[in-house]
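# Structure assessment
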Amino acid sequence: MNAPDTALHVREQLYRDMHPHHLTPLWEVLHALVPQRPATPCVPALWKYDEVRPFLMRAGEAITAEEAVRRVLILENPALRGQSCITQSLYAGLQLILPGEVAPSHRHTQSALRFIVEGSGAYTAVDGERTTMKPGDFIITPSWTWHDHGSEADGPVVWLDGLDIPMLRFFDAGFAENDTARSQQVTRSEGSSFARYGHNMAPVRHDAPFGATSPIFSYPYERSREALDTLERGAPLDPWEGVKLRYVNPQTGGSPMPTIATFLQKLPAGFRGQGWRQTDGAVYSVVEGTGSVDIECGEQRWSFAFGPRDHFVVPSWHTARLRSDAGCVLFSFSDRPVHAALSIHKEERLS
């Protein structure tokens, strides 16, 4: 047996002998554990709303909101089927509530966002305050707050749910509790939170009602859209993102949730965006208009044409380019606050 064969034999025998002791050699997996660049198993994907909506309506016939607790169709990443996630750290789903229904009150350690996709007249209640849902509104359910949903609308209401479920699962920190009441008691008038914190002002004596989460739990689309329009008319366009704003916690200036960042952007008519990539994977909801996104990673290429109410995901470190002939508005969310807190966030803007 020559020297290379002897060395190989010695290593293999070492592996066999130490296996029962739950030991494994780092050198066999080092390049996979510490790759030269992010190597996510996630893939880009698009969910066309016109194709998804019929399944939501069928779900409305198959099970009530109260039976389901939350009647949601999960947007599962095609490469992560069965794991209930759209990226390895984020969950996304489309929730349906029908006239007269109530999705019962509960709370959980996971932080949640609601972005209203279709219909008006439903409501969500958080810690004793209700807010009426309208398309384009961004609503927060802070961690460990009682919340329920109900509908006084004439037709179906659908919203995008975004949660940090996979992230909390990684940390083994998921808890939930069902309320004893179907709906929580309303103790504050609608708009109270916005009146306290939404006008660049705050109560003289106050604390952070939701900890690190924004004290405003409803961000109306009308105000956000107005800001985008004003900037489009009077400010230089970003070559990569058009006009893009991030939602903020007015108490800190940071993200509205400690684990999830949210954004709203407008691509003007004729926009041809340059390519960018970032370590935080992002989920997009198309609010208005039409456009397309070209995504690449290594030798792989994807191209999606999108319209109103469609959803798509751009995974970590995939180069994306946004385009729009007619103009469009996009809502998005990602796990950027966690990347920033850990000082691991990286972004490249390509020319």
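For clarity, every value in this text was computed on a predicted model and none was experimentally measured.

Further remarks concern the overall build of the chain. Per the secondary structure count, the chain includes eight helices and 23 strands. Compactness check: the chain gives a C-alpha radius of gyration of 23 Å against a globular reference of 20 Å for 351 residues, within 12% of the reference. Seen through its C-alpha atoms, the chain measures out along the principal axes to roughly 85 × 55 × 50 Å. In the chain, buried positions account for 47% of the 351 residues. Look at the contacts in the chain between residues 6 or more apart in sequence, and 76% of them connect residues 24 or more apart. Accessible surface, the chain as shown: approximately 17,500 Å² in total, 54% of it carbon and sulfur. Put simply, the chain has 33 plus and 41 minus side-chain charges, and the middle of one group is 4 Å from the middle of the other.

Inspection of every chain in the model, using the stated rule, returns one cavity of 30 Å³ or more. Each pocket or cavity is described by its volume, and for the largest cavity that value is around 30 Å³. Residue lining of the largest cavity: Lys-244, Phe-263, Gln-278, Asp-280, Ala-282, Tyr-284, Ser-332, Phe-333, Ser-334 and Arg-336, and that is the complete set. Listed by contribution, the elements that provide at least two residues to the lining of the largest cavity are β17 (282–289) and β22 (328–334). Here the lining of the largest cavity takes three residues from β22, the largest share from any one element. For the lining of the largest cavity, the per-class residue count stands at four nonpolar, three polar and three charged.

Before going further, it helps to examine the UniProt feature "domain: Cupin type-2" (unreviewed entry) in the chain. Taking the numbering used here, the UniProt-annotated feature "domain: Cupin type-2" (unreviewed entry) corresponds to residues 94–161. Helix makes up 0% of residues 94–161 and strand 60%. Its end C-alpha atoms lie 6 Å apart.

All right, on to the sheet that holds strand β2 (residues 72–74) then. Taken together, six strands build an open sheet; the order of strands is β2-β3-β10-β5-β8-β12 and the sheet is antiparallel. At either end of the open sheet lies a strand with only one pairing partner, and these are β2 and β12 (218–219). Sheet topology note: the strand β5 (residues 112–118)/strand β8 (residues 138–141) ladder contains four bridges and is antiparallel. Its bridge partner lying in β8, Arg-114 is registered against Ile-139. With respect to the sheet, helix α3 (residues 49–62) is in contact with β2, β3 (91–97), β5 and β10 (157–163), its orientation differing from that of β3 by roughly 55 degrees.

Next up on the list: the sheet that holds strand β7 (residues 129–132). Paired through their backbone hydrogen bonds, the strands of a sheet run either parallel or antiparallel. Sheet architecture is open: five strands sit in the order β7-β6-β9-β4-β11, paired in antiparallel fashion. Looking at the sheet topology across the chains shown, the edges are occupied by β7 and β11 (176–178). Strand-to-strand twist in this sheet, taken as the mean axis angle between neighbours without regard to direction, amounts to 25 degrees. As judged from the three bridges shared by strand β4 (residues 102–108) and β11, these two strands associate in the antiparallel manner. Among the inter-strand pairings, His-106 is bridged to a residue of β11, identified as Asn-178.

Taking 1.5 Å per residue as the helical rise, helix α7 (residues 221–234) with its 14 residues ought to reach 20 Å, and the 20 Å between its terminal C-alpha atoms agrees with that figure. All of the buried residues along α7 are Tyr-221, Ser-224, Arg-225, Leu-228 and Asp-229. Down the axis of α7, the smallest arc covering the buried residues is 140 degrees, so these residues share one side. Those residues of α7 that are exposed and angled more than 90 degrees off the buried face are Glu-222, Glu-226, Arg-233 and Gly-234. Check the buried side of α7 and you find it contacts β12, β13 (243–246), β14 (261–267), β17 and β22.

This paragraph deals with the packing of aromatic side chains. Taken as a whole and assessed by the stated rule, the structure comprises ten aromatic pairs. On the basis of an interplanar angle of 40 degrees and a centroid distance of 5.8 Å, the ring pair of Phe-138 and Phe-331 is categorised as tilted. On the criterion of sequence distance, the pair formed by Phe-138 in strand β8 and Phe-331 in strand β22 is long-range, its members being 193 residues apart. The exposure classification of Phe-138 matches that of Phe-331, with both residues buried. Aromatic pair Tyr-284 and Phe-312: ring centres 4.7 Å apart, planes at 5 degrees, arrangement stacked. Taken together, the positions of Tyr-284 in strand β17 and Phe-312 in strand β20 (residues 311–314) put the pair 28 residues apart, joining distant regions of the chain. The buried category is assigned to Tyr-284, whose relative accessible area is 2%. Three or more aromatic residues joined by ring pairs form one cluster here, namely Phe-115, Phe-138, Tyr-219, Tyr-247 and Phe-331.

Thresholds applied
Residues numbered from 1 in each chain as written. Predicted model: local features only at pLDDT ≥ 70, side-chain atom pairs only at ≥ 80, totals over all residues. Heavy atoms only, no water. Helix = DSSP H or I, 4+ residues; strand = E, 2+ residues; numbered from the N terminus. Rg over C-alpha atoms; globule rule 2.2 N^0.38 Å. Buried < 20%, exposed > 50% of the residue type's maximum accessible area, 1.4 Å probe, protein only. Contact = heavy atoms within 4.5 Å. Areas by Shrake-Rupley, 256 points an atom, 1.4 Å probe, with all protein chains shown as cover. Lys, Arg positive; Asp, Glu negative; His and termini not counted. Charge placed at Lys NZ, Arg CZ, Asp CG, Glu CD. 1 Å grid on protein atoms, 1.4 Å probe; cavity = no way out; pocket = protein on both sides within 12 Å on 5 of 7 lines; lining within 4 Å. Points joined across faces, edges and corners; volume = space filled by probe spheres on them. Nonpolar A, V, L, I, M, F, W, Y, C, P; charged D, E, K, R; others polar. UniProt positions renumbered as here; feature names shortened; annotations may be inferred. Pairing = 2+ DSSP bridges. Axes fitted to C-alpha atoms, helices over the stretch in contact; angles between N-to-C directions. Expected span 1.5 Å × (residues − 1). Arc of directions from axis to C-beta. Phe/Tyr/Trp six-rings, centres within 6.5 Å; stacked < 30°, edge-to-face > 60°.

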